Amino acid sequence: MSQISPSDEAVSPPLRLALILSDSAQAQTRAEELREAHPWVAPEDAEILVVVGGDGFMLHVLHEMLDKGISKPCYGINLGTVGFLMNSLHGDATVLERIHAARRIPVSPLRMHATTQSGEEFSYYAINEVSLLRETRQTAKLEIRINGRVRMGEMAGDGILVATPVGSTAYNLSANGPILPLGCRMLALTPISPFRPRRWKGAILPESAEVEFRIREPGKRPVAAVADQKEVRDVRTVRISTSTEREMTLLFDPGFTLEERIFAEQFQV
């Protein structure tokens, strides 16, 4: 039986990677070094996007893909501040080596459908959270429905939000909401400075739940709805559901996964 030499074996082509740089001073300073580190291709021809910047820039790239109906795995390199969605620069491994060793984390965005008082309709995606916020000094009053059933007739406060596990460590955490581990298939429903019911801390909902808010006294107490950075003012109703068909993928170095960061965040003092 003949031996197969290494030269006869099928060699898989290298991954096609695209380099996407933020316009921050830190990213531009490292631009030339990064461009020389790999034979990059255009984003439309790439299998994986290497995103260099901070969390805000990563969210921008993910939202661009959502708006265009594209889904390509993203490997982030942090040159920002927190870098919760990114990987730090460490070690001597090349970008390609790190991507081959990376863990894939699926991220399902929320879809917000908002109807304004004038009847206009808007639909946006959110990777972190959808928040409803009062527009004036008047307290917002909201009716909360889950899967079509009224669960709270009236909540009064500055507002409320629905957060994904990825977004549970962002605005949701600042509002004293729970941190959700990745893979739990749950959502955090968190009030923002609630006045009534005074002791209500929110709820944890299954990912399959459809959440609807109806604004009470919208003329006197106007409310804005925000899907990550996209805002709709003077809303009348807002429906929120998980968009599993638009699932995204983030890549993390072993030992530096988003899941590990979520665990670590819960023990910060």
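What counts, and where the lines are drawn
- Residues numbered from 1 in each chain as written.
- Predicted model: local features only at pLDDT ≥ 70, side-chain atom pairs only at ≥ 80, totals over all residues.
- Heavy atoms only, no water.
- Helix = DSSP H or I, 4+ residues; strand = E, 2+ residues; numbered from the N terminus.
- Contact = heavy atoms within 4.5 Å.
- Areas by Shrake-Rupley, 256 points an atom, 1.4 Å probe, with all protein chains shown as cover.
- Lys, Arg positive; Asp, Glu negative; His and termini not counted.
- Charge placed at Lys NZ, Arg CZ, Asp CG, Glu CD.
- Core = buried A, V, L, I, M, F, W, Y, C linked by side-chain atoms within 4.5 Å.
- Buried < 20%, exposed > 50% of the residue type's maximum accessible area, 1.4 Å probe, protein only.
- pLDDT = per-residue confidence, 0-100.
- Pairing = 2+ DSSP bridges.
- Axes fitted to C-alpha atoms, helices over the stretch in contact; angles between N-to-C directions.
- Phe/Tyr/Trp six-rings, centres within 6.5 Å; stacked < 30°, edge-to-face > 60°.
- Lys NZ or Arg CZ within 6 Å of the ring centre and 35° of its normal.

Let us now look at the overall build of the chain. Within the chain, the regular secondary structure consists of six helices and 16 strands. Dimensions of the chain, computed from C-alpha atoms along their principal axes, come out at roughly 80 × 40 × 35 Å. Long-range contacts, defined here as pairs at least 24 residues apart, represent 69% of the contacts in the chain between residues at least 6 apart. Looking at the chain as shown, the accessible area adds up to about 13900 Å², and 49% of this sits on carbon and sulfur atoms. Across the chain, the mean location of the 30 positive side-chain charges is 13 Å away from that of the 34 negative side-chain charges.

This part covers the nonpolar core. In this structure, L132, I144, I160, L189 and F213 are the most contacted members of the largest nonpolar core, which totals 29 residues. Looking at this core, the elements with two or more residues in it are strand 5 (110-116), strand 7 (129-134), strand 8 (140-146), strand 9 (149-163), strand 10 (186-196), strand 12 (211-215), strand 13 (223-227) and strand 15 (235-242). With near-sequence residues (within four places) excluded, F213 lies in contact with L132, E143, I144, I160, V162, L189, R236, T237, V238 and I240. Among the nonpolar cores identified, the runner-up in size contains 27 residues, and L49, Y125, I127 and I262 belong to it.

Here the chain averages 89 in pLDDT, while 92% of its residues score no lower than 70. Segment residues 1-11 is flagged for pLDDT under 50; beyond a separation of four residues in sequence, or across chains, it makes one contact in the model.

A separate point is the side chain of T249. Mapping T249 onto the fold places it in strand 16 (residues 248-252). Classification of T249 by relative accessible area gives buried; the value is 17%. Excluding residues that lie within four positions of it along the chain, T249 makes contacts with K72, P73, C74, R104 and I105.

Let's shift gears to the sheet that holds strand 2 (residues 48-53). Strand order across the open sheet formed by five strands is 1-2-3-16-4, with mixed pairing between neighbours. The sheet is open, and its two edges are formed by strand 1 (17-21) and strand 4 (103-107), each paired on a single side. Shown here is a sheet whose adjacent strand axes are inclined to one another by a mean of 30°, direction ignored. Pairing of strand 4 with strand 16, which is carried by five bridges, proceeds in the antiparallel orientation.

What follows concerns the pairing of strand 7. As paired elements, strand 7 and strand 9 share five bridges and run antiparallel to each other. Across the sheet, the residue bridging to L132 is I160, located in strand 9.

Turning our eyes to something else, we now look at the packing of aromatic side chains. Under the defined criterion, the tally for this structure stands at one aromatic pair. With a centroid separation of 6.4 Å and 20° between ring planes, the pair formed by F122 and Y124 is classed as stacked. Sitting over the face of the ring of F195, R196 holds its NZ or CZ atom 4.5 Å from the ring centroid.

Attention shifts here to unusual backbone geometry. R196 connects to P197 through a cis peptide bond whose omega is -10°. Looking at the element boundaries, P197 is found in the loop between strand 10 and strand 11 (203-206). One non-glycine residue with positive phi stands out, namely N147, at about 50°. Relative to the assigned elements, N147 resides in the loop between strand 8 and strand 9. Positive phi outside glycine occurs at R185, with the angle close to 55°. Structurally, R185 is set in the loop between helix 5 (171-174) and strand 10. Looking at R185, the relative accessible area reads 45%, which means it is partly exposed.

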